[in-house]
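Chain by chain, the residues run as shown.
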Amino acid sequence: MATLVELPADLLEALAGITSMGVITGAGVSAESGIQTYRGQGGLYDDEREGDATVEALSASTLNHDPARTWRVVSELARMAVDAAPNPAHHAIARIEQSLERFVLLTQNVDGLHKLAGSRNVIDIHGDVLDTRCRDCGLRGRLTPDEVRALQSTPLCSECGGILRPDAVLFGEMLPEDKIRRLHSELYEDPPELVLIAGTTAVFPYIAEPVVMAGRMGRLTVEVNPEPTIVSEHVRWSLRGRAGDILPLIAEALTSA
Ligand SMILES: [Zn+2]
């Protein structure tokens, strides 16, 4: 695959006047940090049957009747998260936020790497795999890297001894209402001047819609992905390549403007 070495001239020109931006990221950005996902090409569970078993393990119904099975998969995802480091795409997105008056990041990734890289206004719509919530008393907590590495079975609440669950959205669960509200107010009601989507095939409507809507409302739209996706034909610029190669160019264009 050819690597894009410079941005289109008309995009560079548009970036020079930007004061607000929304960025949407998905598994492709995590994959560049070596985090494999439980679905999709090149994923950890590429085998379809194994993939289905994993999706089942990460479902609300399995959590209810066999939490240990859910935790076996969650702890594997959590170990990948604590062993990974932010990549050039994560760092570029954090720099973009610092250089603008208004910024929001919507991510599907549950590894927490955006926050680790310094992103602040983050809507992690699927939660964070290290965050926990007690099923009984509701106490929220966060696993430390040492706790993740030592995790052998279902973790229990330090307050009441109840079973902890990952504070992340499992298959078959609703998205958290507070995050949906933020998504609407920050990306739908008055979209930023430019909305960029990177490293996601945008299969979930709530991931594809903000960029499509922004385009309809006259905002600038950019896609960065190695392959074409369902949003490619709806964006002004569809750039083929890795987020870690292209986002630093966008950060550079914004900070040198
Ligand atoms: Zn508890």
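Worth saying up front: this structure is predicted, and the values here are computed from it rather than measured.

Trainee: What am I meant to see in the sheet that holds strand S7 (residues 194–198) here?
Mentor: Each strand in a sheet pairs with its neighbour through backbone hydrogen bonds, running either in the same direction (parallel) or in the opposite one (antiparallel). Reading across the sheet, the 6 strands line up as S3-S2-S1-S7-S8-S9 and stay open at both edges, with parallel pairing between neighbours. Of all strands in the sheet, those with a lone pairing partner are strand S3 (122–124) and strand S9 (237–240), marking the two edges. Adjacent strand axes in the sheet meet at a mean angle of 15° when their direction is disregarded. Summarising the sheet, strand S2 (residues 102–107) and S3 pair through 3 bridges and their orientation is parallel.

Trainee: Got a minute to help me understand the coordination of the zinc ion in this structure?
Mentor: Tetrahedral metal sites with four donors have an ideal angle of 109.5 degrees; octahedral sites with six donors have ideal angles of 90 or 180 degrees. Bound to the zinc ion on the protein side are Cys134 (SG), Cys137 (SG), Cys157 (SG) and Cys160 (SG), at distances that span 2.3 to 2.4 Å. Angles of 100 to 118° at the metal separate the 4 donor atoms of the zinc ion, which places the site in the tetrahedral class. Considered as a linear motif, the donors of the zinc ion on their single chain read C-x2-C-x19-C-x2-C. Taken as a pair, cysteine 134 in strand S4 (residues 127–134) and cysteine 157 in the loop between helix H8 (145–150) and strand S6 (164–168) lie far apart in primary sequence, 23 residues in all.

Trainee: Is there a simple way to think about the domain arrangement of the chain in this case?
Mentor: The figure often quoted for interface size is the accessible area lost as the parts come together. Taken as a whole, the chain is organised into domain 1 (1–34 + 86–126 + 172–257) and domain 2 (36–83 + 129–168). Averaged C-alpha coordinates put domain 1 and domain 2 at centres separated by 27 Å. Residue-level contacts link 7 residues of domain 1 with 7 residues of domain 2. When the two sides are added together, the surface that domain 1 and domain 2 hide from each other amounts to roughly 740 Å², 53% of it contributed by carbon and sulfur. Scanning the region where domain 1 abuts domain 2 turns up 1 salt bridge. Seen at the junction of domain 1 and domain 2, the total is 3 residue pairs in polar contact (both at pLDDT 80 or more). For the side of domain 1 that touches domain 2, a count of residues per class yields 3 nonpolar, 2 polar and 2 charged.

Trainee: Looking at this structure, how should I read the nonpolar core?
Mentor: As a rule of thumb, soluble globular proteins bury nonpolar side chains together. Counting residues in hydrophobic clusters, the biggest one holds 30 residues, and the most contacted among them are Met21, Leu194, Leu196, Leu247 and Ile250. Residues in contact with leucine 247, not counting those within four places in the same chain, are Ala89, Ala92, Ile93, Ile96, Leu196 and Ala198. With 21 residues, the next largest nonpolar core counts Val74, Val82, Val110 and Val129 among its residues.

Trainee: Explain helix H10 (residues 205–216) to me, please; I cannot follow it from the model alone.
Mentor: Given 3.6 residues to a turn, an α-helix orients residues that are three or four positions apart in the same direction. Across its 12 residues, H10 extends 16 Å between first and last C-alpha, which sits within 8% of the 16 Å expected from 1.5 Å per residue. Those residues of H10 that fall on the buried side of the exposure criterion are Tyr206, Ile207, Ala208, Pro210, Val211, Val212 and Ala214. Buried residues along H10 sit in contact with strand S1 (20–25), S2, helix H9 (177–189), S7 and strand S8 (220–225). Just downstream of H10 lies glycine 218, where phi reads positive at about 85°.

Trainee: How should the packing of H9 against H10 be read in this particular structure?
Mentor: Think of two packed helices as two axes; the pair is described by the angle between the axes and how far apart they sit. Their axes nearest at 9 Å, the elements H9 and H10 cross at an angle of 30°. Compared by their axis directions, H9 and H10 come out roughly parallel. On the side of H9, the interface is formed by Leu183, Leu187 and Tyr188, while H10 contributes Tyr206, Glu209, Pro210 and Met213. Each residue belonging to the contact of H9 with H10 can be placed in one class, and the counts come to 6 nonpolar, no polar and 1 charged.

Trainee: I'm lost on the pairing of S7 in this one. Help?
Mentor: On a regular strand, each side chain points to the face opposite its neighbour's, so the side chains alternate between the two faces of the sheet. Where burial is concerned, most of S7 is hidden: 5 out of the 5 residues are buried. The pairing of S1 with S7 spans 5 bridges and is classified as parallel. Bridge pairing in S7 places methionine 21 opposite leucine 194. For S7 and S8, the ladder comprises 5 bridges, and the chain directions are parallel. Each residue of the ladder has a partner; that of leucine 196, found in S8, is valine 222. Once the chain exits S7 it traverses H10 before rejoining the sheet at S8, and the crossover so formed is right-handed.

So, how was this worked out
- Residues numbered from 1 in each chain as written.
- Predicted model: local features only at pLDDT ≥ 70, side-chain atom pairs only at ≥ 80, totals over all residues.
- Heavy atoms only, no water.
- Pairing = 2+ DSSP bridges.
- Helix = DSSP H or I, 4+ residues; strand = E, 2+ residues; numbered from the N terminus.
- Axes fitted to C-alpha atoms, helices over the stretch in contact; angles between N-to-C directions.
- Donors = N, O, S within 2.8 Å, 3.2 Å for Na, K, Ca; no water.
- Tetrahedral: all angles 85-135°; square planar, octahedral: opposite > 155°, others 65-115°.
- Domains from an automatic or database assignment.
- Contact = heavy atoms within 4.5 Å.
- Buried area = accessible area lost by both parts, 1.4 Å probe.
- Salt bridge = Lys/Arg side-chain N within 4 Å of Asp/Glu carboxyl O.
- Polar contact = N/O pair within 3.5 Å; in protein donor to acceptor, adjacent residues only side chain to side chain.
- Nonpolar A, V, L, I, M, F, W, Y, C, P; charged D, E, K, R; others polar.
- Core = buried A, V, L, I, M, F, W, Y, C linked by side-chain atoms within 4.5 Å.
- Buried < 20%, exposed > 50% of the residue type's maximum accessible area, 1.4 Å probe, protein only.
- Expected span 1.5 Å × (residues − 1).
- Parallel < 35°, antiparallel > 145°, perpendicular 65-115°, else oblique.
- Right-handed = clockwise from strand over helix to strand, strands pointing away.

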